[in-house]
Amino acid sequence: MSSQPLRPVPGPDDASEPFWEACARHVLLLQACGGCGTLRFPPRPMCPRCNSFEQAWVPASGRGRVWSWVIAHPPVLPAFADRAPYNVIVVELDEGVRMIGNLLETPNEEIAEGMPIEVAWEDVEDGVSLPQWRPTQ
Ligand SMILES: [Zn+2]
């Protein structure tokens, strides 16, 4: 038995289950409206543009840029204490939607607006993988 505090993991709902199921296979999918084609993230049942409940799932490029970021300092949740200070970035994907994640393989002081980045999968437990980010290789 580990004494390491448990890290929170995603709790998929009906709308986001396809997204997380793909993440477990290291595939980044985006939800697209079946009516007007608008991409939406986070996944949700209804399109905010045309109110359609139709949807499709399309592969994302996995590439984007740093749009914004913060550095989290203690106090943080116990599960993250050994990581602090750590970055939390807003990624703007090439497709235009924004996601939150951590920028790996990068000292916090080297993070810059507009940095080109790509998805880097972090397997957190059996069947659960998080889309994280690293500088474009
Ligand atoms: Zn729509």
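Scroll up for the structure.
What you are looking at is a predicted structure, and each value in this text was computed from that prediction instead of being measured.

Peer 1: Where do I start with the pairing of strand 1 (residues 29-33) in this structure?
Peer 2: Every other side chain in a regular strand lies on the same face of the sheet, so the side chains alternate between the two faces. Of all the five residues making up strand 1, five are buried; the element is thus mostly covered by neighbouring parts of the structure. Residues of strand 1 alternate between two faces, with Leu 29, Gln 31 and Cys 33 on one and Leu 30 and Ala 32 on the opposite face, all of them buried. Two elements, strand 1 and strand 3 (residues 55-59), share five bridges in a ladder whose sense is antiparallel. Each residue of the ladder has a partner; that of Ala 32, found in strand 3, is Ala 56. Bridge count for strand 1 against strand 2 (residues 39-40) is two bridges, and the pairing is antiparallel. Of the residues in strand 2, the one forming a bridge with Gln 31 is Arg 40. Joining the antiparallel neighbours strand 1 and strand 2 is a turn of five residues, in which Gly 37 adopts a positive phi near 85 degrees.

Peer 1: Even after reading the chapter, I still don't get the pattern of salt bridges, so can you show me in this structure?
Peer 2: A side chain with one charge may pair with a side chain of the opposite charge, provided their charged atoms come close. If you walk through the whole model with that rule in mind, you get six salt bridges. Among the salt bridges present, the one from Glu 118 reaches Arg 63, with a minimum N-O distance of 3.7 Å. With Glu 118 in strand 7 (residues 116-125) and Arg 63 in strand 4 (residues 63-72), this residue pair connects regions lying 55 residues apart in the sequence. By relative accessible area, which is 10% here, Glu 118 ends up buried. The salt bridge partner of Arg 98 is Glu 92, with a shortest N-O separation of 2.9 Å. The class for Glu 92 is partly exposed, based on a relative accessible area of 28%. One network of salt bridges, with partners in common, ties together Arg 7, Arg 83 and Glu 122.

Peer 1: How do you make sense of the sheet that holds strand 4 when you look at a structure like this?
Peer 2: The strands that make up a sheet pair up through hydrogen bonds in the backbone, lying either parallel or antiparallel. The antiparallel open sheet is built from five strands, whose spatial order is 6-5-4-7-8. Where the open sheet ends on each side, the last strands, each with one partner, are strand 6 (98-101) and strand 8 (128-135). Strand-to-strand, the axes of this sheet are offset by a mean angle of 35 degrees, without reference to chain direction. Where strand 4 and strand 7 come together, three bridges link them in antiparallel fashion. When the sheet's bridge partners are listed, Gly 64 is paired in strand 7 with Ile 117.

So, how was this worked out
- By convention here, each chain's residues receive numbers from 1 onward along its written sequence.
- Since the coordinates come from a predicted model, pLDDT governs what is reported: local features require at least 70, and pairs of side-chain atoms require 80 or more to be given and counted, while whole-chain, interface and lining totals use all residues.
- No hydrogens and no water enter the side-chain calculation; it runs on all heavy atoms of the structure.
- Exposed residues in this analysis have more than 50% of their type's maximum accessible area, buried residues have under 20%, and partly exposed residues fall in between, with area computed by a 1.4 Å probe over protein chains only.
- Helix and strand assignments come from DSSP, with helices taken as H or I runs of at least 4 residues and strands as E runs of at least 2, each series counted from the N terminus.
- A pair of strands is labelled paired if DSSP reports no fewer than 2 bridges between them.
- When a carboxyl oxygen of Asp or Glu is within 4 Å of a side-chain nitrogen of Lys or Arg, the pair counts as a salt bridge.
- Lines fitted to C-alpha atoms define the axes, with helix axes restricted to the stretch in contact, and inter-axis angles between N-to-C directions lie between 0 and 180 degrees.

Read these as geometric descriptors, not functional statements.
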